[in-house]
Amino acid sequence: MYSSPSNGLIHPIPLLAIALLVFNDHYAKAAWPGWWTGKLSDMAGMVFFPLMLQALIELWTQKASPKVLSACCLATALTFALVKTTGPMHQLYCEGLGLLQWPL
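These remarks concern the structure in this document. (Residues numbered from 1 in each chain as written. Predicted model: local features only at pLDDT ≥ 70, side-chain atom pairs only at ≥ 80, totals over all residues. Heavy atoms only, no water.)

On the surface, Phe23, Tyr27, Trp32, Trp35 and Trp36 cluster together into a nonpolar patch covering about 630 Å² of accessible area. With respect to the helices, strands and loops of the structure, tryptophan 35 is situated in helix 2 (residues 35-61). (Patch = residues over 30% accessible without salt bridge, like charges linked within 9 Å, V, L, I, M, F, W, Y side chains within 5 Å. Areas by Shrake-Rupley, 256 points an atom, 1.4 Å probe, with all protein chains shown as cover. Salt bridge = Lys/Arg side-chain N within 4 Å of Asp/Glu carboxyl O. Helix = DSSP H or I, 4+ residues; strand = E, 2+ residues; numbered from the N terminus.)

What follows is about the pattern of salt bridges. Side-chain pairing between opposite charges can occur once the charged atoms of the two side chains come close. Taken as a whole and assessed by the stated rule, the structure comprises 3 salt bridges. A salt bridge links lysine 29 to aspartate 25, with the nearest nitrogen and oxygen atoms 3.2 Å apart. Of this pair, lysine 29 and aspartate 25 both sit in helix 1 (residues 12-31), 4 residues apart, roughly one helical turn. You can call aspartate 25 partly exposed: its relative accessible area is 37%. The salt bridge involving aspartate 42 is made with lysine 39; its shortest N-O contact spans 3.9 Å. Highlighted residues: aspartate 42 and lysine 39, both in helix 2, separated by 3 residues, approximately one helical turn. Classification of lysine 39 by relative accessible area gives partly exposed; the value is 46%. Each of Lys39, Asp42 and Lys84 takes part in a single network of salt bridges with overlapping partners. (Buried < 20%, exposed > 50% of the residue type's maximum accessible area, 1.4 Å probe, protein only.)

What follows covers helix 3 (residues 66-85). Over its 20 residues, helix 3 runs 29 Å from end to end, which matches the ideal 28 Å to within 8%, given 1.5 Å per residue. Buried within helix 3 we find Val68, Cys72, Thr76 and Val83. Burial along helix 3 is one-sided: seen end-on, the buried residues are contained in an arc of 70°. For helix 3, the exposed residues set more than 90 degrees away from the buried face come down to Pro66, Lys67, Leu74, Leu78 and Thr85. Buried residues belonging to helix 3 abut helix 2 and helix 4 (87-101). Structurally, the start of helix 3 carries an N-cap: the backbone nitrogen of lysine 67 is 3.1 Å from a side-chain oxygen of serine 65. (Expected span 1.5 Å × (residues − 1). Arc of directions from axis to C-beta. Contact = heavy atoms within 4.5 Å. Polar contact = N/O pair within 3.5 Å; in protein donor to acceptor, adjacent residues only side chain to side chain.)

The next subject is the packing of helix 3 against helix 4. Contact pair helix 3 / helix 4: the axes reach a minimum separation of 5 Å and the direction vectors enclose 105°. Our classification of the angle between helix 3 and helix 4 gives roughly perpendicular. In this structure, helix 3 contributes Leu82, Val83 and Thr85 to the contact, and helix 4 contributes Gly87, Met89, His90 and Tyr93. (Axes fitted to C-alpha atoms, helices over the stretch in contact; angles between N-to-C directions. Parallel < 35°, antiparallel > 145°, perpendicular 65-115°, else oblique.)

Set out below in structure tokens:
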């Protein structure tokens, strides 16, 4: 068992995924455009996002559980698949991302 909900985020693999995501989105996509730079971002997000979601849920509920990580992985995979394969979910994702970036 771990002592803090965010401990999963400080493991070397999620840290590398975050570094890859930042490098890919801010440099590699412009320097080497192609389908594979998009896939690198997808892969890094699929590693990082469930752990971030788990940390947020466990901070909110103040309970640590291995079932939370399983549910976060499943929710991330399902959401990712729906956004990539259906038009309405892709549009909802784009609009939501735009709203999140609006204050900046």
